[in-house]
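# Topology and contacts: notes
Chain by chain, the residues run as shown.
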Amino acid sequence: MSSASHRVTVIPGDGVGPEVVRAGVRVIEAAGVRIDWEEAAAGASVFETGDTSGVPAETRASIERTKVVLKGPLETPVGFGEKSANVTLRKLFETYANVRPARELPGVPTRYAGEGVDMIIVRENVEDLYAGIEHMVTPDVGQCLKVISRKGSEKVIRYAFELARREGRGKVTAATKANIMKMTEGLFKKVFEELALEYPEIKAEHLIIDNVAHQLAKDPAQFDIVVTTNLNGDIISDLASGLVGGLGFASSGNYGDTVAIFEAVHGSAPKYAGKDVINPTALILSSAMMLRHLGEGAAANRVEDAVLVTLEEGTATTQDLVRQTGGDVDTAASTTGFTDAVITNLGRGPATLKARRPAVAAANPPVPLPAWSYSPDHYAAIERRTVGLDIFIETEAEADRLGPELEGIAEGGPFELHFIESRGTKVYPSVGLSADGVRLLRARFLTRDGGAAADADLLALQGRVAARQPGWTHIEKLHVFDGADGFTKAQGE
Ligand code: NAD
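Residues numbered from 1 in each chain as written. Predicted model: local features only at pLDDT ≥ 70, side-chain atom pairs only at ≥ 80, totals over all residues. Heavy atoms only, no water.

## Details of the overall build of the protein chain
Counting its regular elements, the protein chain contains 15 helices and 18 strands. Over its C-alpha atoms, taken along the principal directions, the protein chain stretches across nearly 85 × 50 × 45 Å. In the protein chain, which comprises 493 residues, the share counted as buried stands at 52%. Sequence separation of 24 or more characterises 77% of the internal contacts of the protein chain that already satisfy a separation of 6 or more. Split by element, the accessible area of the protein chain, about 21600 Å² in all, is 53% carbon and sulfur. A distance of 3 Å separates the average location of the 52 positive side-chain charges in the protein chain from that of its 67 negative side-chain charges. (Helix = DSSP H or I, 4+ residues; strand = E, 2+ residues; numbered from the N terminus. Buried < 20%, exposed > 50% of the residue type's maximum accessible area, 1.4 Å probe, protein only. Contact = heavy atoms within 4.5 Å. Areas by Shrake-Rupley, 256 points an atom, 1.4 Å probe, with all protein chains shown as cover. Lys, Arg positive; Asp, Glu negative; His and termini not counted. Charge placed at Lys NZ, Arg CZ, Asp CG, Glu CD.)

This is how it looks when you write it as structure tokens:
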């Protein structure tokens, strides 16, 4: 038991949040760890005050002070309007690694019980489609930018390998859709393959994300650590939770360079709010992850053990678990009752399924990462050439009519029209495909000789197109880096 005191920001959150967070705080205190809690608000109550970020300045200031957060779920308005306060928190504090263990638990019956499911999903947490860069490009076409950077990929992938080392795990699987999204998911895969060389003792494999979904349903015990991009990770980590008993048991930590946020995976489950019936296991196990992060490894072990004993003995079983076993929910333990049982069991160890202990047990430090810096040498070493322009145009014109017009605009200049496509499928010059067109087309112009294009020429071309096509919506420069096209072909090209 440590005598040092820690400061932690605690956000009770919405719906069942205050009940599960209270359970976590009680267990931490009973485990003998002294924490000065700074209570702070975020989510629905904040949106209601008119603060559209959902995370007020006082809460941000508290997190900057404490660097560690224990939080309940926050309700997210659906559809247009406010952004998710959860995503805002993760992005504001650059918690780039979302770590979600999914391990078989004693006394929790599942289809896979006894197979030894024991994996950690490490999900990139700030980039990808969650960058939230969306536009209605026309009144009826929405677009979302998928942003994946080398830096963001390297940080989370390195985190996954370092976690494997700390936990004494033998394999890291990268899950991407690199076969389809070559510039974004492909970059993530490339960085994974480069970094894997630095960890020769750890098996590194790459699987396409749809195959990972298939394998997770078929043989989940094969996975050890899975590292993946944000949206993929969002989906497969919920899937993984389902394999080991459901959201009531799924814990998580969001780790950044300076701030870490610990929370249950589940949401605010509003229909159960205030009823003292929700399963607090997920939040209690997230609290154990937090203790480990604070360097309170012994207390983290005690909490994990007490949860395992409580589940194993089944003396306090919450409604969600009783439902899964076909029992009478009237006999189920309350949230408070389950928490009391965990507290009573502190100091005991499970008989069947032992808790996992990090291989580096001493102080259980946060996973160490080298500082990332943009190397000017790296950028200077890349040979680059701007070779053209994609222009997006909102138009009712048929591609067969627009094509010759754009060819006429380019005539005599350094560029030629390469193709026109509709939602990624080439429609001019026709390749015999019949895309069901919408009023948004993309025209690609490339330099005639493949040589470098001057900015002035690009802007002049854009100006000439815009003069004839006032419906142009946006442009994208096309580059070649070290001889490789930094843009994809159209389908059918
Ligand atoms: P939810 O996770 O709140 O609930 C879905 C269902 O899962 C519940 O009805 C319940 O049957 C079950 N469940 C969830 N947690 C449980 C627990 N601890 N014990 C027992 N059963 C549990 O998902 P939802 O209904 O889609 O979302 C409700 C709100 O929560 C939304 O506003 C959503 O945006 C938000 N949300 C927040 C977070 C977060 O803060 N990290 C995560 C997910 C959803």
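Alright, that's what it looks like, and here's the rest.
## Describing a nonpolar patch on the surface
A cluster of nonpolar side chains, contributed by Ile133, Leu145 and Val147, occupies part of the molecular surface with about 200 Å² of accessible area. Note that Val147 resides in the loop between strand 7 (141–144) and helix 5 (150–167). By relative accessible area, which is 33% here, Val147 ends up partly exposed. (Patch = residues over 30% accessible without salt bridge, like charges linked within 9 Å, V, L, I, M, F, W, Y side chains within 5 Å. Salt bridge = Lys/Arg side-chain N within 4 Å of Asp/Glu carboxyl O.)

## Some words on the site of the ligand
Taken together, the neighbourhood of the ligand is formed by 20 residues, with Leu74, Asn86, Gly267, Ala269 and Asn279 sitting nearest. Here Glu263 contributes a side-chain N or O atom positioned 3.2 Å from a nitrogen atom of the ligand. Note that a nitrogen atom of the ligand is positioned 3.2 Å from one of the side-chain N or O atoms of His266. Considering the ligand on its own, with 810 Å² of exposed area, one finds that the protein chains cover 68% of that surface. Looking at the shell around the ligand residue by residue, the class counts come to 8 nonpolar, 7 polar and 5 charged. (Near = heavy atom within 4 Å. Polar contact = N/O pair within 3.5 Å; in protein donor to acceptor, adjacent residues only side chain to side chain. Nonpolar A, V, L, I, M, F, W, Y, C, P; charged D, E, K, R; others polar.)

## Observations regarding the pattern of salt bridges
Inspection of the entire model under this criterion finds 32 salt bridges. Asp118 is paired through a salt bridge with Arg169; the nearest N and O atoms lie 2.9 Å apart. Taken together, the residues Asp118 in strand 5 (residues 118–124) and Arg169 in the loop between helix 5 and strand 8 (171–176) connect sequence positions 51 residues apart. The same class applies to Asp118 as to Arg169, namely buried. A salt bridge links Asp390 to Arg444, with the nearest nitrogen and oxygen atoms 2.8 Å apart. Taken as a pair, Asp390 in strand 13 (residues 384–394) and Arg444 in strand 16 (residues 440–447) lie far apart in primary sequence, 54 residues in all. For the residue pair Asp390 and Arg444, the accessibility class agrees, reading buried in each case. The network of salt bridges with common partners includes Arg103, Asp118, Glu167, Arg169 and Asp224.

## Here we look at the environment of Ala490
Along the chain, Ala490 turns up in the segment after strand 18 (484–485). For Ala490 and Gly248, which are 242 residues apart along the polypeptide, the C-alpha to C-alpha distance reads 44 Å. The contact partners of Ala490, leaving out residues within four places of it in the chain, are Phe419, Glu421, Gly424, Lys426 and Arg442.

## What about the domain arrangement of the protein chain?
Taken as a whole, the protein chain is organised into domain 1 (1–93 + 245–357), domain 2 (111–243) and domain 3 (382–485). For domain 1 versus domain 3, the distance between C-alpha centres works out to 52 Å. (Domains from an automatic or database assignment.)

## Points about helix 4 (residues 85–92)
Count 3.6 residues to each turn of an α-helix, and residues three or four apart come out pointing the same way. If you check which residues of helix 4 are buried, you get Ala85, Asn86, Thr88, Leu89 and Arg90. Measuring from the side-chain oxygen of the N-cap residue of helix 4 to the backbone nitrogen of Asn86 gives 3.1 Å; that N-cap residue is Ser84. Once helix 4 finishes, Glu94 follows within two positions and takes phi at roughly 50°, a positive value.

## Points about unusual backbone geometry
Cis geometry marks the peptide bond from Tyr428 to Pro429, where omega comes out at -15°. Within the secondary structure, Pro429 sits in the loop between strand 15 (425–428) and strand 16. At Lys67, a position not held by glycine, the phi torsion is positive, near 70°. Relative accessible area serves as the criterion here: at 35%, Lys67 is assigned to the partly exposed category. With phi around 45°, Asp482 is a residue other than glycine that occupies positive phi space.

## Some points on the nonpolar core
Counting residues in each nonpolar core, the largest one holds 72 residues, and the members touching the most others are Val122, Ile157, Tyr159, Phe161, Val172, Val227 and Met290. The biggest single contributor to this core is helix 9 (residues 281–293), with 8 residues. Discounting chain neighbours no more than four positions away, the residues touching Ile157 are Phe188, Val191, Phe192, Leu195 and Val227. (Core = buried A, V, L, I, M, F, W, Y, C linked by side-chain atoms within 4.5 Å.)

## Topic: the sheet that holds strand 1 (residues 5–11)
If you trace the 10 strands from one edge of the open sheet to the other, you get 2-1-3-12-11-4-5-10-8-9, paired in mixed fashion. Two strands lie at the open edges of the sheet, namely strand 2 (34–39) and strand 9 (203–208), each paired on one side alone. Looking at each pair of strands side by side, their axes are set apart by 25° on average, direction ignored. Pairing analysis gives 4 bridges linking strand 3 (residues 68–71) to strand 12 (residues 260–264), with the strands arranged parallel. By the bridge assignment, Val69 is partnered in strand 12 with Ile261. The sheet contacts of helix 9 involve strand 1, strand 2, strand 3, strand 4 (97–103), strand 11 (251–255) and strand 12, and relative to strand 12 the element is tilted by about 160°. (Pairing = 2+ DSSP bridges. Axes fitted to C-alpha atoms, helices over the stretch in contact; angles between N-to-C directions.)

## Thoughts on the sheet that holds strand 18
Read from one edge to the other, the open sheet built from 6 strands follows the order 15-14-16-13-17-18, with strand pairing classed as antiparallel. Each end of this open sheet is capped by a strand with a single partner; those strands are strand 15 and strand 18. Two strands pair when backbone bridges link them, and strand 14 (residues 415–422) and strand 16 are joined in this way by 6 bridges, in the antiparallel orientation. Paired with Phe419 across the two strands is Arg444, which belongs to strand 16. Contacts from helix 14 (residues 399–410) reach strand 13, strand 14, strand 15 and strand 16, with the element oriented near 160° to strand 14. Contacting strand 13, strand 14, strand 16 and strand 17 (472–481), helix 15 (residues 455–468) crosses the sheet at an angle of about 10° to strand 13.

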